[in-house]
Each structure stands twice: as structure tokens, then as C-alpha cells.
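Structural overview
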Amino acid sequence: MRNNRITTFNLVLAFLGGLLLLFILAPLLGMFFGCSIDSLIGVAKNKEVTNSIWLTLWTSILATFIFSLLAVPFAYLLARKNFPFKRLVCGIIDLPVVIPHSAAGIAVLGMLSRDSLIGGIASKFGISFIDHPAGIMVAMAFISLPFLINGAREGFESVPVQLEKTAYTLGASNIRVFFTISLPLAWRAIMSGFVMMWARGLSEFGAVVIIAYHPSVTAVLIYERFTAFGLKYARPVAVLFVLVCLLVFILFRFISSGKGRNKNIRYDNN
């Protein structure tokens with residue numbers, strides 16, 4: 001077939017793609033090869049490092065899960081309904097991706113400080129978002145929510161509307177249609193958005209460091225060690241964190257691919 005022929009054009013495309021892959025892999029490989037096994041084992045035994053990695057993992061996962069309870073239904077609304085200023089709403093959703101993350105951190109700080117409405121109410125119940133895991137989760141979610149909303153919306157848009165209409169004619173309620181048809185068929189896209197939101201929140205630095213310098217998520221700890229002691233002291237922490245993130249990322253992708261397999265959806269009038 002013509003598409004399988006080796007042509008000059010295909011060779012140029014492959015060469016350009018190879019350069020791009022090299023650009024992505026070279027810094028990572030340099031970081032890994034520049035880190036000795038002994039130094040990696042040493043940071044793996046360091047309680048400050050392990051606590052920081054654990055804090056980063058559970059706050060990013062919990063933030064993604066909590067906000068997904070709001071994001072997924074909202075994404076379904078965006079996919080299925082037309083309403084005034086819908087394009088404006090979609091633009092607002094993408095704002096956290098556009099603005100500098102340090103500016104996003106300042107915006108979140110203003111919302112959560114004791115002088116604000118939310119921060120003032122929380123302080124009356126003894127809750128403080130500043131320098132607290134709760135504040136870290138809010139900062140992570142603010143930056144990463146667009147990935148889940150947009151991914152879930154695209155998933156719901158790919159579900160044939162005719163299937164939902166058929167279910168309605170059989171007497172199904174909106175809730176039943178959502179949970180038995182729309183959600184299962186869009187699950188793969190939703191899980192991809194979930195993983196992307198988690199990954200983006202996991203790696204966030206600019207917004208988080210303004211909300212909570214301590215306790216330190218791993219991105220902040222790496223920066224702190226780099227500025228205080230230099231590259232040699234920060235590199236093993238970065239390598240260990242990347243390895244842990246890769247393992248969790250692979251696990252999430254495995255779950256996503258398993259859930260995303262086609263299922264026979266039965267629907268009756270009972």
C-alpha cells in the first residue's frame with residue numbers, strides 16, 4: 001500500500017519526530033544517568049522525602065476525586081445542553097491553563113485567606129487552608145480542573161444521543177440514563193481526564209508554593225533543596241519522585257483501559 005512505502009517525505013517526518021522525542025527524553029535520561037544508585041537509596045530512606053512524596057500523592061488523588069464529583073456532571077451538562085453564554089463558560093473553564101501559575105496561587109490565596117469570606121467562615125470552625133493539605137488540594141484542583149472537565153465533555157459528546165433518547169422512550173429517568181448509558185460509554189474519556197487532572201495537580205509548583213510552603217509537596221521540596229544545596233542534592237529526589245509518579249500513572253492507565261472496554265448495555269422497561 002502507498003501508506004507503507006518509504007518516501008523522502010516520510011523520512012523527513014520520521015527525522016523530525018525523532019528530534020522531538022530526543023528533546024523530551026534527553027533531559028530525563030540525563031537526570032537518571034546522573035543519579036547514582038546509592039544516592040537514590042539514600043533519599044528513599046529519608047523520612048522528609050518519603051513524607052513529601054506521600055503528601056503529594058494523596059492530596060493530588062483526593063483533590064481529583066473530590067472535584068470530579070462536580071466536574072463530571074457539569075461536563076455532561078456542557079455536552080448535552082445549549083444555554084446562553086455557553087462559550088463564555090467554556091472560556092472561563094480554560095482560564096487556569098492560560099494564566100501564570102504564580103498568579104493563580106495569589107488568586108487562590110486571596111480566596112482562602114482569613115480576610116476572605118471562605119477563609120473567614122473556615123477559621124470559625126478551626127480550619128485553615130494556608131500551610132495545610134486542604135489548601136494544597138484547592139491549589140492543585142484550581143490549576144488542573146480544565147483537563148477533567150474538557151476530557152469528560154468530549155467523552156459525553158462521543159456518546160450517541162439516540163441511545164439516550166431511546167432509553168427515555170422506554171420510561172427511563174434522567175438519572176438512570178446518565179448512570180447506565182452515558183457514564184459507562186464515556187468512562188474511558190472520563191478516566192483519561194481524571195488521570196490528566198491528577199498528573200497536572202501532582203506536578204504543580206507555582207500555585208502550591210504560595211498556598212503552602214510547609215508542609216512541602218515534592219515539587220516544593222525539590223526546589224528548596226536545589227536553591228539551598230544545588231543540583232547534586234536535588235536530583236535524587238527528582239528521580240525518585242518521577243519513578244513513583246510513573247508507577248502510579250501506569251496503574252491509572254491500566255485501570256482506565258480495563259474500564260474502557262466495550263460492554264453490552266441492556267435496557268428494559270422495568
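Computed from a predicted model, the values in this text were never measured in an experiment.

Turning our attention to the pattern of salt bridges. Pairing between side chains becomes possible if they bear opposite charge and their charged atoms approach one another. For the structure on display, the rule yields three salt bridges. Among the ionic pairs, Arg-225 bridges to Glu-48, the shortest N-O distance being 3.1 Å. With Arg-225 in helix 12 (residues 218-229) and Glu-48 in helix 3 (residues 47-80), this residue pair connects regions lying 177 residues apart in the sequence. Its relative accessible area of 5% is what places Arg-225 among the buried residues. For Arg-80, the salt bridge identified is with Glu-164, shortest N-O distance 2.9 Å. With Arg-80 in helix 3 and Glu-164 in helix 8 (residues 161-169), this pair connects stretches of sequence that are 84 residues apart. In this structure, Arg-80 and Glu-164 share a single accessibility class: buried.

Before going further, it helps to examine helix 3. Helix length check: helix 3, at 34 residues, gives a terminal C-alpha distance of 49 Å against a target of 50 Å (1.5 Å per residue), a fit within 8%. Within helix 3, the axis deviates most sharply at Ser-68, by approximately 45°. Regarding helix 3, its N-cap is Asn-46, as a side-chain oxygen of that residue lies 2.8 Å from the backbone nitrogen of Glu-48 further along.

Moving on, we get to the environment of Leu-148. Here Leu-148 lies in helix 7 (residues 133-157). Contacts of Leu-148, omitting those with residues within four sequence positions, involve Thr-64, Ser-68, Ala-71, Ile-190, Gly-193, Phe-194 and Met-197.

Reading guide: rules and limits
Residues numbered from 1 in each chain as written. Predicted model: local features only at pLDDT ≥ 70, side-chain atom pairs only at ≥ 80, totals over all residues. Heavy atoms only, no water. Salt bridge = Lys/Arg side-chain N within 4 Å of Asp/Glu carboxyl O. Helix = DSSP H or I, 4+ residues; strand = E, 2+ residues; numbered from the N terminus. Buried < 20%, exposed > 50% of the residue type's maximum accessible area, 1.4 Å probe, protein only. Expected span 1.5 Å × (residues − 1). Bend = angle between axes of the 7 residues up to and from the residue. Polar contact = N/O pair within 3.5 Å; in protein donor to acceptor, adjacent residues only side chain to side chain. Contact = heavy atoms within 4.5 Å.

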